[in-house]
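What follows is the residue order along each chain.
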Amino acid sequence: MSAGDDPSPDATQPPATDETGPVEPTTGSESLLLTYAAPFLGVLLIAAGLPLAIVGGYVVVQDGVGLCGDPSITATPVDEYDGVPETVEELPASELSAAERRALEEAIDSPLREGTVDGDLANRAALLEGAIVEYEGDRYYVQITSQNSCLDVEPLLFPIGAIAILVGIAGVLTPPIYRKMAGFEERMRRDRTD
């Protein structure tokens, strides 16, 4: 082995660099931690933060945007059924609340046969099972099709999720930031020695 083939690094020569700084961090433990562990934890935080932020944000706006609260009913004429079972409850139209009556009229007039109960749902139990309602001479099978209940979670999930996403992004960006900072430090050290 000749003197020119000496594999030990010369302490007087600066480390190998590229346009972003040193090619490798100075120690092996820094390399593993900053190159692999920080971005991995960052990705995990982003993955956990996204659903938390989405659900927390949805809870905050759901009621104001009208995404929940009012149940929907359907009203299908009884003569469209082959045979109504005898166990189906008959509900007189006079026992419907004003909101239920408005929803029934909306469902009868709607091409989709659906109406929204905007107010008191006095006959919830009967309408959940389905009931026959006689209204203006016609009989309808009326049933709640969607309760549209509001999602009930803590609104605090939104800021927790947003913070997790931001910390995760910082973790993912740690290796390039570290390389730039290490390169800056090496240039400063070289300028001091010159």
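Residues numbered from 1 in each chain as written. Predicted model: local features only at pLDDT ≥ 70, side-chain atom pairs only at ≥ 80, totals over all residues. Heavy atoms only, no water.

This part takes up the side chain of threonine 174. Following the sequence through the fold, threonine 174 ends up in helix α5 (residues 174-193). Of note is the side chain of threonine 174, whose polar atom sits 3.2 Å from the backbone oxygen of glycine 171. Not counting chain neighbours up to four residues away, the residues in contact with threonine 174 comprise Leu34 and Ala38. (Helix = DSSP H or I, 4+ residues; strand = E, 2+ residues; numbered from the N terminus. Polar contact = N/O pair within 3.5 Å; in protein donor to acceptor, adjacent residues only side chain to side chain. Contact = heavy atoms within 4.5 Å.)

Locating aspartate 138 in the fold gives a position in strand β7 (residues 138-146). Relative accessible area serves as the criterion here: at 41%, aspartate 138 is assigned to the partly exposed category. Along the sequence, aspartate 138 and valine 78 sit 60 residues apart, while their C-alpha atoms lie 8.3 Å from each other. (Buried < 20%, exposed > 50% of the residue type's maximum accessible area, 1.4 Å probe, protein only.)

End to end, helix α2 (residues 98-109) covers 17 Å across twelve residues, agreeing with the expected 16 Å (1.5 Å per residue, within 8%). Listing the buried residues of α2 in full gives Ala99, Glu100, Ala103, Leu104 and Ala107. The buried residues of α2 occupy an angular sector of 135° when the element is viewed end-on, so they sit on one face. Buried residues along α2 sit in contact with β3 (72-77), β5 (114-116), α3 (124-129), β6 (131-135) and β7. (Expected span 1.5 Å × (residues − 1). Arc of directions from axis to C-beta.)

Nonpolar side chains collect at one region of the surface, where Val43, Leu166, Ile169, Val172, Leu173, Ile177 and Met181 lie side by side and expose about 630 Å² of accessible area between them. Broken down by secondary-structure element, the contributors of at least two residues to the nonpolar patch are α4 (157-172) and α5. With three residues, the top contributor of residues to the nonpolar patch is α4. (Patch = residues over 30% accessible without salt bridge, like charges linked within 9 Å, V, L, I, M, F, W, Y side chains within 5 Å. Areas by Shrake-Rupley, 256 points an atom, 1.4 Å probe, with all protein chains shown as cover. Salt bridge = Lys/Arg side-chain N within 4 Å of Asp/Glu carboxyl O.)

Moving on to the confidence of the model for the protein chain. For the protein chain, the average pLDDT comes to 78, and 81% of its residues sit at 70 or higher. The spread of mean pLDDT over the elements of the protein chain runs between strand β2 (residues 21-22), the lowest at 50, and α4, the highest at 93. (pLDDT = per-residue confidence, 0-100.)

Let's shift gears to a negative patch on the surface. Taken together, Asp79, Glu105, Glu106, Asp109, Glu134, Glu136 and Asp138 make up a surface patch of like negative charges. Among the elements that make up the negative patch, the one with the highest residue count is α2 (three residues). (Lys, Arg positive; Asp, Glu negative; His and termini not counted. Charge placed at Lys NZ, Arg CZ, Asp CG, Glu CD.)

It is worth spelling out the sheet that holds β6 at this point. Read across the sheet, five strands follow the order β4-β6-β7-β3-β5 without closing on themselves; strand pairing throughout is mixed. Lying at the two open borders of the sheet, with one neighbouring strand each, are β4 (89-92) and β5. Within the sheet, the average angular offset between the axes of one strand and its neighbour, ignoring direction, is 35°. Of the pairings in the sheet, the one linking β3 to β7 comprises six bridges and is antiparallel in character. By the bridge assignment for β7, isoleucine 73 is matched with isoleucine 144. (Pairing = 2+ DSSP bridges. Axes fitted to C-alpha atoms, helices over the stretch in contact; angles between N-to-C directions.)

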